[in-house]
Amino acid sequence: GGGGGGGDVDQPPPPTSPRVESVSSSTINDLVSILPLEQQKVKPFTSLLEMLFSTNQVLLTAILKSTQISDADKMGKSLVMIFERAGVALNLMGKAIDNEIDTVESQATVFRGNSLASKMMTQYALLLGRQFLVDTILPCVTLVLEQGRSYEVDPNKIEDGADIGENQEGLLEIAQRF
């Protein structure tokens, strides 16, 4: 304990919140350019995005703390899409997760409610996962549909004259492609 801050050496540093990486003005201009806005309405949106991406995160923090659950789906989707387009969605997710942990009443209920953070995680997974599913599963589904063959292996449901062994082989073959 004495003066000069010597007693602070044993104290752990305060926890830090992930910062949203700085977003360049050209990225903000790119975001604004995709909006269907008349020219006179561009400046307010540019200013709004600059505040949203500011390093002090005042606007983002206010949004995370004040969004009502009834608006969480729309707000979560909008934030994820904007931040993903700017290339900093993971930073947004970190900030939302920190906010969830800081504001939850019981640690046992973290991410179990309809919080903005859980809605944002769902939207982020959908945003990234949808294309993955299309890229990986669509070719197999297309093949199944184009082949037009039966894969039924339930003896109670198989069509008259169909060969259950042939269907099993086809089902195994297509399952391996998935």
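Residues numbered from 1 in each chain as written. Predicted model: local features only at pLDDT ≥ 70, side-chain atom pairs only at ≥ 80, totals over all residues. Heavy atoms only, no water.

K.L.:
Account for the nonpolar core, with residues named and values stated.
P.N.:
Across soluble globular proteins, you tend to see nonpolar side chains buried next to one another. Core analysis: the largest hydrophobic core is formed by 25 residues, its most contacted members being Phe53, Leu79, Phe83 and Met120. Excluding residues within four positions of it along the chain, Met120 makes contact with Leu64, Gly76, Leu79, Val80, Leu92, Met93 and Ala96. (Core = buried A, V, L, I, M, F, W, Y, C linked by side-chain atoms within 4.5 Å. Buried < 20%, exposed > 50% of the residue type's maximum accessible area, 1.4 Å probe, protein only. Contact = heavy atoms within 4.5 Å.)

K.L.:
Go over unusual backbone geometry with me, naming the residues and quoting the values.
P.N.:
With the exception of glycine, the majority of residues adopt a negative phi angle, and the majority of peptide bonds are in the trans configuration. A positive phi angle, close to 60°, is found at Gln57, a residue other than glycine. Position of Gln57 among the secondary structure elements: in the loop between helix H2 (42-52) and helix H3 (58-66). Relative accessible area serves as the criterion here: at 1%, Gln57 is assigned to the buried category. (Helix = DSSP H or I, 4+ residues; strand = E, 2+ residues; numbered from the N terminus.)

K.L.:
With reference to specific residues and values, describe a nonpolar patch on the surface.
P.N.:
On the surface, a cluster of nonpolar side chains totalling about 750 Å² of accessible area is made up of Phe132, Leu133, Val134, Ile137, Leu138, Val141, Leu145 and Phe178. Tracing the backbone shows Phe132 in helix H6 (residues 116-147). (Patch = residues over 30% accessible without salt bridge, like charges linked within 9 Å, V, L, I, M, F, W, Y side chains within 5 Å. Areas by Shrake-Rupley, 256 points an atom, 1.4 Å probe, with all protein chains shown as cover. Salt bridge = Lys/Arg side-chain N within 4 Å of Asp/Glu carboxyl O.)

K.L.:
Lay out the pattern of salt bridges in plain terms, naming residues and giving numbers.
P.N.:
Considering all chains together, one arrives at one salt bridge under this definition. Lys119 is paired through a salt bridge with Asp73; the nearest N and O atoms lie 3.4 Å apart. Of this pair, Lys119 sits in helix H6 while Asp73 is found in helix H4 (residues 72-85), placing the two residues 46 residues apart along the sequence. Owing to a relative accessible area of 17%, Lys119 belongs among the buried residues under this scheme. For Asp73, a relative accessible area of 43% gives the class partly exposed.

K.L.:
So what about a negative patch on the surface? Which residues, and what values?
P.N.:
On the surface, a cluster of negative charge is made up of Asp163, Glu166, Glu169 and Glu173. With respect to the helices and strands, the residue Glu173 is situated in helix H7 (residues 164-177). (Lys, Arg positive; Asp, Glu negative; His and termini not counted. Charge placed at Lys NZ, Arg CZ, Asp CG, Glu CD.)

K.L.:
Can you tell me about helix H5 (residues 89-103), naming the residues and giving the values?
P.N.:
At 3.6 residues per turn, the α-helix brings residues three or four places apart onto the same side. Here H5 is 15 residues long and its end C-alpha atoms lie 21 Å apart, about the 21 Å a rise of 1.5 Å per residue gives. If you check which residues of H5 are buried, you get Ala89, Asn91, Leu92, Met93, Gly94, Lys95, Ala96, Asn99 and Glu100. Tucked inside the fold, the buried residues of H5 contact H3, H4 and H6. (Expected span 1.5 Å × (residues − 1).)

By themselves these figures say nothing about function.
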